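What the coordinates show
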Amino acid sequence: MKIDRAKIAHISLLKPENRTENPTTLTETAAGFPPFTRGLHPRMYLQRPWTIRQYAGFSTAEESNAFYKKNLAGGQKGLSVAFDLPTHRGYDSDHPLAKADVGKAGVAIDTVEDMKQLFQDIPLDKMSVSMTMNGAVIPILAFYIVAAEEQGTALHTLKGTIQNDILKEFLVRNTYIYPPKASLNLISHIFQYTSQNMPAFNSISISGYHMQEAGATAAQELGYTLANGLEYVKLGLKAGLDIDEFAPRLSFFWGIGMDFFTEIAKLRAARTLWASLMKEFNPKNKKSLMLRTHCQTSGWSLAAQDPFNNITRTNIEAMAAVLGGTQSLHTNALDEAIALPTDFSAEIARNTQIHLQKETDLCRMVDPFAGSLIVEEKTTTLIEKAWDIIKEIDREGGMQKLIENGTIKTNIEKAATEKQARIDSGKDLIIGVNSFKDPLEPPLDLLEIDNEQIIKSQTEKLKRIKASRDERAVTHALDQISKLASRSFSDFEMDRIKGNLQWKPEENLLSLAVIAARKRATLGEISAALEKEYGRHQASQHIFSGVYSKLIHKDKTYISAQKKAAAFLQANGRRPRILLAKIGQDGHDRGIKIVATSLADMGFDVDLGPLFQTAEGVAKQAVENDVHLIGISSLAGGHKTIIKDLHNSLKKQGATSINIVMGGIIPEKDKKELIDSGACAFYGPGSRMTETALSLLDILLE
């Protein structure tokens, strides 16, 4: 699609003719009109404050339900559901590949009964529900629909959002199941179903948040996210929908970090660009031009060291989101760099928003930084940089092609590595991490999830449901899903692309999944019915070099690490060799990629295993490659199970001499048990890579 560069413009208050007599007083005509730079609504928060949300879910549906009710009673206005990693990846809780992660980083949902329990006594016709789900989006949305039906709620009254943004999963977060083409086809089925049955429900939330968390710059987050948005718009049109049928229900999700003025400008730039881009599709409804926004304060900026500093960080980031004009906001808790939030920390995070709404005058102004020299300049600069990125993507063949060849993923990883080098060298200061360190860090009470008990509970529920259902009806419903999926890339798909396909429930995969859900098919079974035809996607891993060293090569610790690695080479006849691996269903790989490239620059041979490995697979690869060290990254709380399984697998291979080290989120209280299970060192969030390299070499030279 070609877009006239001149049409990508924004309202600049720097020009005298665009200024009001008092630049700090906004008129009702300043916001609420395309391209919405200054806000979607003329009165913004005077008309309606942003929705206070908390992204939460853990353990079982029963426990999450109780947590939701407590938060709603405390002032939260909408629900944002976090699912555990096996659910994201399409596995039931009793699946062998799920055992390290069940209930750890979100709630385990295996059947409709879990979904009904999750929302028990919460009226779905009145409550806006946001669900972060992309891989297993078909069964999860089907369970939500059936839970609403059995609650007595009409589908047309359902309000909320399903994330459903699979393209960014291939770029950064990695909770995909099927290959890109098949995954995009599923989205078109969801667009069709929701446009027919759920007019108040947002069928996709296009996410830049996870790109920022993975290390993307503000311009990259903008450009890549909006480019993904354009892909989804084209997908909706190919599915035979009119632009005004689905565009008003698209929404966006942005990460908000500590670069205060940039984050304000980013939201203004995003609205401007999107309105200008959407004009090319000739919508008749003004709402089709609106970029509606949910924001979440940064998880990456949270530090494990001196964690009460995180309250301040979250407040600063929340203010930036509000000043940028978000419609919805989630504030992270102070302990989320260490574990799942406790009731204590979650209340502080939620109250941060209530303070901003009730104790300040932020809700009495529209676009408070309009006219600010720095914000206007940053808005303009981000528009130009993001537009250049969008043009480049168009020239190179579109997002799907660049996702498949790894170009964009590499660009984000390089930006993350550059950021780490600036932190390690002290050019970028992180309070409590590389500056102003507090030797007397206060202890925290952390939330502990009994993973084994959750697996037992979920497995028992699955057995009861399977014993009581009509097995023939379930099998038939699953077969219908597989049969329709097999047609998706044949004549049926060509009809969809040509726009000849009319809405027919029996030819919609979400509609068939709803039928299967009513029969009590499980999430794993519905996912497997699709996987039977689509297969399961496996991303390729790669390591680049020179990015970390370029910014830190003069650092004394970096030089010391290089010299020690060279000494190891001279003494042993080969370089120190480490296998870096992710075991279980945690796909967050920013940390492990930074570790890989920085260690390689300092003189290590680095083997980078594929995502979603088993302990047995890692042990086998370590022995075959004759490594000295295995580095395990754990960000989802599955570290105890992972280390036990890996150590036992190494025993079976007769390779207990290989040292195991751990990175990621490891609570202090767990370290003794992990050492007893075979781990010998830990490198948590905020660890300097130069010091990590020296420590690893010391382990090998002992």
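Residues numbered from 1 in each chain as written. Predicted model: local features only at pLDDT ≥ 70, side-chain atom pairs only at ≥ 80, totals over all residues. Heavy atoms only, no water.

1. Observations concerning the overall build of the protein
A tally of regular secondary structure across the protein gives 27 helices and 14 strands. Since a compact globule built from 702 residues should have a radius of gyration of about 27 Å, the 25 Å found for the protein is in line with a globular shape. Seen along its three principal axes, the alpha-carbon backbone of the protein occupies a region of about 75 × 70 × 50 Å. Buried residues in the protein amount to 60% of all 702 residues. Intrachain contacts of the protein at a sequence separation of at least 6 include 80% that bridge at least 24 residues. Summed over all atoms, the accessible surface of the protein reaches about 27,100 Å², with 51% contributed by carbon and sulfur. Side chains of the protein give 84 positive and 84 negative charges; the mean places of these two sets differ by 3 Å. (Helix = DSSP H or I, 4+ residues; strand = E, 2+ residues; numbered from the N terminus. Rg over C-alpha atoms; globule rule 2.2 N^0.38 Å. Buried < 20%, exposed > 50% of the residue type's maximum accessible area, 1.4 Å probe, protein only. Contact = heavy atoms within 4.5 Å. Areas by Shrake-Rupley, 256 points an atom, 1.4 Å probe, with all protein chains shown as cover. Lys, Arg positive; Asp, Glu negative; His and termini not counted. Charge placed at Lys NZ, Arg CZ, Asp CG, Glu CD.)

2. So, the domain arrangement of the protein
Here the domain parsing of the protein yields domain 1 (43–405) and domain 2 (547–701). Domain 1 and domain 2 are separated by 33 Å when their C-alpha centres are compared. Contacts between the two partners involve 25 residues from domain 1 and, on the opposite side, 20 residues from domain 2. Here domain 1 packs against domain 2, burying approximately 1,800 Å² in sum over the two surfaces, 55% of which is carbon and sulfur. When the buried area of domain 1 at its contact with domain 2 is split by residue, Leu 85, Ala 100 and Asn 174 rank highest and sum to 22% of it. Put simply, domain 1 and domain 2 have 1 salt bridge between them. Measuring nitrogen to oxygen at the nearest pair gives 3.1 Å for the salt bridge that ties Asp 645 to Lys 99. (Domains from an automatic or database assignment. Buried area = accessible area lost by both parts, 1.4 Å probe. Salt bridge = Lys/Arg side-chain N within 4 Å of Asp/Glu carboxyl O.)

3. A short note on helix α6 (residues 180–197)
Along an α-helix, a turn takes 3.6 residues, which lines up residues three or four apart on a common side. Between its terminal C-alpha atoms α6 stretches 26 Å, which fits the 26 Å expected from 18 residues at 1.5 Å a residue. Of all 18 residues making up α6, 15 are buried, and the element is well covered by its neighbours. (Expected span 1.5 Å × (residues − 1).)

4. Here we look at the packing of helix α4 (residues 137–151) against α6
Relative to each other, α4 and α6 sit at 20 degrees, their axes nearing to 10 Å. Taken together, the axes of α4 and α6 are roughly parallel relative to one another. Considering the relative orientation of α4 and α6, their crossing is left-handed. Judged by residue contacts, Val 137, Ile 138, Leu 141 and Ile 145 of α4 engage Leu 186, Ile 190 and Tyr 193 from α6. Partitioned by chemical class, the residues of the contact of α4 with α6 number 7 nonpolar, no polar and no charged. (Axes fitted to C-alpha atoms, helices over the stretch in contact; angles between N-to-C directions. Parallel < 35°, antiparallel > 145°, perpendicular 65-115°, else oblique. Left-handed = near helix turned anticlockwise from the far one by under 90°. Nonpolar A, V, L, I, M, F, W, Y, C, P; charged D, E, K, R; others polar.)

5. Remarks on the pattern of salt bridges
Using the criterion set out here, one finds 43 salt bridges in the structure. Residue Arg 268 pairs with Asp 367 through a salt bridge whose shortest N-O separation is 2.9 Å. Taken together, the residues Arg 268 in helix α10 (residues 260–278) and Asp 367 in the loop between α12 (343–358) and α13 (373–395) connect sequence positions 99 residues apart. Here the two residues Arg 268 and Asp 367 agree in accessibility, since each one is buried. Here Arg 469 ties to Glu 471 by a salt bridge, and the two come within 2.9 Å at their closest N and O atoms.

6. Regarding the sheet that holds strand β14 (residues 679–683)
Across the sheet, which stays open at both edges, the 5 strands sit in the order β11-β10-β12-β13-β14 with parallel pairing between neighbours. The sheet is open, and its two edges are formed by β11 (605–608) and β14, each paired on a single side. Each strand of the sheet is rotated relative to its neighbour by a mean of 25 degrees, with strand direction disregarded. Across the face of the sheet, helix α24 (residues 615–625) comes into contact with β10 (577–581), β11 and β12 (629–634) while running at roughly 160 degrees to β10. Its contacts with the sheet put helix α27 (residues 689–701) on β10, β12, β13 (659–664) and β14, and the angle it makes with β14 is roughly 170 degrees. (Pairing = 2+ DSSP bridges.)

7. Structural notes on the pairing of strand β7 (residues 250–256)
With respect to burial, β7 is a largely interior element, 7 of its 7 residues being buried. Of the two faces of β7, the one lined by Leu 250, Phe 252, Trp 254 and Ile 256 and the one lined by Ser 251, Phe 253 and Gly 255 are each fully buried. Here strand β6 (residues 204–207) pairs with β7 via 4 bridges, running parallel. The residue bridging Ile 206 from the neighbouring strand is Phe 252, located in β7.

8. Description of the nonpolar core
Counting residues in hydrophobic clusters, the biggest one holds 79 residues, and the most contacted among them are Leu 226, Tyr 232, Trp 254 and Trp 274. Those residues within four positions of Tyr 232 in sequence are excluded, and the remaining contacts are Asn 164, Asp 165, Ile 166, Leu 167, Lys 168, Leu 184, Ile 187, Phe 191, Ile 204, Ile 206 and Phe 246. If you look at the next biggest cluster of nonpolar residues, it comprises 61 residues, including Leu 155, Val 474, Leu 484 and Leu 510. (Core = buried A, V, L, I, M, F, W, Y, C linked by side-chain atoms within 4.5 Å.)

9. A few points about the side chain of Arg 268
Judged by its relative accessible area of 0%, Arg 268 falls in the buried class. If sequence neighbours within four positions are ignored, Arg 268 has contacts with Thr 37, Arg 38, Asp 367, Ala 370, Val 375, Glu 376 and Thr 379.

10. Thoughts on the pairing of strand β8 (residues 292–297)
Of all 6 residues in β8, 5 are buried; the element is thus mostly enclosed. Note that β7 and β8 share 6 bridges and pair parallel. Paired with Ile 256 across the bridge in β8 is Thr 297. On the question of chirality, the crossover connecting β8 to the parallel strand β9 (residues 328–330) by way of helix α11 (residues 309–324) is right-handed. (Right-handed = clockwise from strand over helix to strand, strands pointing away.)

11. A few points about unusual backbone geometry
With an omega of 5 degrees, the peptide bond between Pro 34 and Pro 35 qualifies as cis. Following the sequence through the fold, Pro 35 ends up in the segment before β1 (51–56). Positive phi is not limited to glycine here, since Phe 436 has a value of about 50 degrees. Mapped onto the elements of the fold, Phe 436 is located in the loop between α15 (407–424) and α16 (451–468). Here Phe 612, not a glycine, exhibits a phi torsion of approximately 65 degrees, which is positive. Along the chain, Phe 612 falls in the loop between β11 and α24.

12. Quick word on the packing of aromatic side chains
Scanning the entire structure with this criterion turns up 14 aromatic pairs. Considering the side-chain rings of Tyr 176 and Phe 612, the 6.0 Å spacing of their centres and the 90 degrees angle between planes classify their relative orientation as edge-to-face. In this pair, Tyr 176 is assigned in the loop between α5 (166–173) and α6 and Phe 612 in the loop between β11 and α24, connecting sequence segments 436 residues apart. The same class applies to Tyr 176 and to Phe 612, which are both buried. (Phe/Tyr/Trp six-rings, centres within 6.5 Å; stacked < 30°, edge-to-face > 60°.)

13. Here's the deal with the confidence of the model for the protein
Taken over all residues, the pLDDT of the protein has a mean of 88, while the share at 70 or more is 92%. When mean pLDDT is compared element by element in the protein, helix α19 (residues 509–518) scores highest at 98, while helix α18 (residues 491–498) scores lowest at 49. Low pLDDT (under 50) marks residues 1–29, which in the prediction has 54 contacts with non-local residues, meaning those over four places away or in another chain. (pLDDT = per-residue confidence, 0-100.)

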